[in-house]
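One-letter residues, chain by chain:
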Amino acid sequence: MPETLLETKNLSCGYGEKIILKDISFGIKEGEFLGIIGPNGAGKSTLLKTASKIISPLSGAVYYQGEDISKLRRKALARNMAYVSQEAQAWFSFSVLEILMMGRYPFLKRLEAEGKADWDIMKKAVSLTDIGELIYNSLDELSSGERQLVFIAKALIQEPKLLLLDEPTAHLDIGHEMKIFDLLRKLNRQYRLSIITVLHDLNLAGQYCDRLLLLSGGGIKKIGTPEEVLEYKTIEESYNTVVVVKENPISKKPHVFTIPGQFNK
Amino acid sequence: MEKPWLKNKKNRFLLILVMCLVLSMVIISSAFFGAVSISLGDIFGNINRNIFYLRLQRIMLAALVGGGLSVAGLVFQSILRNPLADPYILGVSSGGGLGVVIMMILGMGLLRFDALTFPLSSFLGSIFAILLVYRLARVEGRTPVQNLLLSGVIVGTIFTNVLVFIVWIFEDKMAKGIIWWLLGNLDVIEPRFLLSILFLEVIGVGTVLLFSRELDILSLGEEEALALGVETERIKKFLLLIASLITAAAVSFCGIIGFVGLIVPHTMRLLLNNEHRLLIPACFLGGAIFLIVSDTFARKLIMPVEIPIGVITALIGGPMFIYLLQRKKKILFK
C-alpha cells in the first residue's frame, strides 16, 4: 500500500479576507498522477499555491508525509516538493544553465559551491527534458514551450518526490503540450514521481491523470478516476454548459465534446 | 544575450582581476593629478607628502563610497525587480541627508562621537525614507514600478527641501559648507571618518555577497523564490536594510551623490550577466573606478574651481536614466 504523500484537512484558502475554497480534504498517494480541474475562478491555482506553501491557508492545514507544512522550513519542503508556475520568467536576463542550477538552492549551504553531484543531477534533468542544446542560451531567447521545459527541468533538479504544476501547457500548441505531458507521464511511471497538475483542458486531464479533482462552487465537486469525474451531468453542472462524453477510441479514456449553439437558443 | 566568453569560469576570475588592475591604475594616476601636480620625487618632500596623503585619503573615500553606492543600487534593483532603482531616485539618499542634518541641530553635544552618530542618524533617515516610499507605492498588495519611481522622486524632493529649509533657518548652527556637503563632497575631514566608512561598507557589501544566491532567485519572482525555499519577505526586508545602511554610510560623510547606483550596476549587467556572485564584486570595483574618475574630473575640469562630485555624477547619470527609461518602457510598463 503506497503511503499518502500530501494531504489536506478541512483546508480553506484564499487571499486576505476573500475565501475562495472551503473545507477541502483530499490526499495524494506516492506515485499518483492527480489532475485538478474546474471552471475559471474555481480556485485551482489557489489550492496548488496553498499546497506548496506559497500562500498560507486561512484555516485547516496541509500535511506532507504527516507533517504540517506550515511548521516545516521552506528549504526542507523544497527538497521534497517542486512547483512550476503557469508562466515563469526572469526579470533580469539569466542563462538557462544559471536558472537550472537555482534548483540546487535548497541543498546548498550559504557559501557552499555546487559540487560534482549537483552537476550530475543537472545533466540528468537536462537529458530527461531534452534541452541540452539550450543551456547556454539566455532564457528570454527561448520560445514559451522551451521555457516551460527549462522550468520543469529546474524543478526536477530539486529531486522532488512531488511535482506541482500550474497549467504547464496553458499557452502552448498541441505539439508542445503532448511533449510535456508525455514527459510527465514518463517521470510518473518510470521514476515514480508523484504529480499534481492544474489543468484547463478536460480531455488532457482525462488522458493522463490517474485521478481527477473537480473544483466548483468553492469546494470539491467530485474526486475520482477520469471515468467517474468526467461524467456529463457533473461537468454540465460545474461548467454550466451542455456536453457529451464519449470514449476515446484509442486510449479508451473519456472524452468531453462541447455542443455549439447552446447559448443562442 | 548570453556572453559566451563568460561560459568559462577562468574568464570570470580574469575579469575581476582586470577590474582590480584598472582600479589600481586609476588610483595611482589620480593620486598624481590634482590642483597641485605631484611627481614621484615630491612624495619624499614634506609639504607635498601631506598633500599626497590627503589625496590618497580622498581616493580611498571615493572608492568606498562609489563601490558602496553601486552595490546598494544593485540590491535595490534586484529586490524591487526594477533596473531603474537607485538609492538617489528612491529618496534613500535624501532621507539619509535629512537624518544627518536633524542630528546636527538636535545633538550638538554629541558631535564628539560624529564618526558614529553621523552614520546612525543617516541610517535612520534612510530607513524612514525607503519605508515611506514603499508604503506610498503599494497598491492592493503590489508595488508597481511607476508608483515606486514616482513616490521615490516625490519623497526625495520633499526631504531635500525640508533639509534646505532647516539649513536656511539654523544656518549659524550648521557646520560650514553644508550646501557643499549636500551636493556631494569627498573631502576627508578626519581620518576616523574614513575608518568608520570603511568598516560600514565592508560589513554591508560583505553581507550582500553572502546573499548572492537569494538575489539571483528573487529575479524569478516571488512565487518561484518561495517554492525554491527562499524566505522572501524576511530576506527582502533584511537586504533593504543592508542597502540602506550602505547608502547611509556614504551619505553621512559625503553628502548626496546621485546616480552612481544606477549607472554602474546597469553597465555591469550589460557587460557581464546577472549572476550576483560575480555582479556584486564587479559593481563594487566598477563603482570605485567610476567615482575616482568622476572626482578627478571634478577637481581638474575647470581649475582652480572644484565642481561638486554630485553634479558630475548627475550630469552623466541623468541622461542615462532617461535613456534607460525610454528603452525599458516596453518591458517595464507592459
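The structure we're discussing is the one just above.
Notes on the structure in this doc start here. Once a new chain begins, its residue numbering starts again from 1 and follows that chain's sequence as written. Both sets of labels track the order of writing: A upward for chains, 1 upward for ligands. In keeping with the model being predicted, local features are shown solely for residues with a pLDDT of at least 70 and side-chain atom pairs are shown and tallied solely at 80 or more, while totals for entire chains, interfaces and linings include all residues.

1. A few points about the nonpolar core
Think of a nonpolar core as buried Ala, Val, Leu, Ile, Met, Phe, Trp, Tyr and Cys residues, each tied to the set through C-beta atoms within 7 Å. Exposure classification rests on a simple neighbour count of other C-beta atoms within 10 Å of a residue's own: a residue reaching 20 or more is buried, one at 12 or fewer is exposed, and one in between is partly exposed. C-beta atoms are placed from the backbone. Among the nonpolar cores identified, the biggest contains 166 residues, and Ala153 of chain A together with Val71 of chain B are the most heavily contacted of them. Only DSSP runs of H or I with at least four residues qualify as helices, and only runs of E with at least two residues qualify as strands; both kinds are numbered from the N terminus onward. The leading source of residues in this core is helix H2 (residues 46-80) of chain B, at 14 residues. Whether two residues are in contact depends on their C-beta atoms, placed from the backbone: they are in contact if these lie within 7 Å. Filtering out sequence-adjacent residues up to four positions away, Ala153 of chain A remains in contact with Leu100, Ala125, Val126, Thr129 and Ile131 of chain A.

2. Here we look at the pairing of strand S1 (residues 4-15) of chain A
Residue and element names in this part refer to chain A. Two strands pair when backbone bridges link them, and S1 and strand S2 (residues 18-29) are joined in this way by eight bridges, in the antiparallel orientation. Looking across to S2, one finds that Leu11 is bridged to Ile24. Two strands pair if DSSP finds at least two bridges between them. The turn joining S1 and S2, which pair antiparallel and follow one another in sequence, is formed by two residues; a positive phi near 60 degrees is taken by Gly16.

3. A closer look at the sheet that holds strand S5 (residues 67-68) of chain A
Residue and element names in this part refer to chain A. The strand order across the open sheet built from four strands is S2-S1-S4-S5, with neighbouring strands paired in antiparallel fashion. If you trace the sheet from one side to the other, it starts and ends with S2 and S5, each paired once. The convention used is that axes are lines fitted to C-alpha atoms, helices contributing only their stretch in contact, and that angles between N-to-C directions extend from 0 to 180 degrees. Each of S1, S2 and strand S4 (59-64) is contacted by helix H1 (residues 44-51), which is oriented at about 120 degrees to S1, the strand it contacts most.

4. Description of the sheet that holds strand S8 (residues 194-198) of chain A
Residues and elements named next belong to chain A. In space, the six strands of this open sheet follow the order S6-S7-S8-S3-S9-S10, with mixed pairing throughout. The open sheet has two edge strands with one neighbour each: strand S6 (81-84) and strand S10 (219-224). Pairwise comparison of adjacent strand axes, ignoring direction, gives a mean angle of 15 degrees for this sheet. Where strand S3 (residues 33-37) meets strand S9 (residues 211-216), four bridges bridge the pair, whose relative direction is parallel. For Gly35, the partnering residue across the bridge sits in S9 and is Leu212. Packing against the sheet, helix H5 (residues 144-157) makes contact with S6 and strand S7 (162-166), and its axis sits at approximately 170 degrees to S6.

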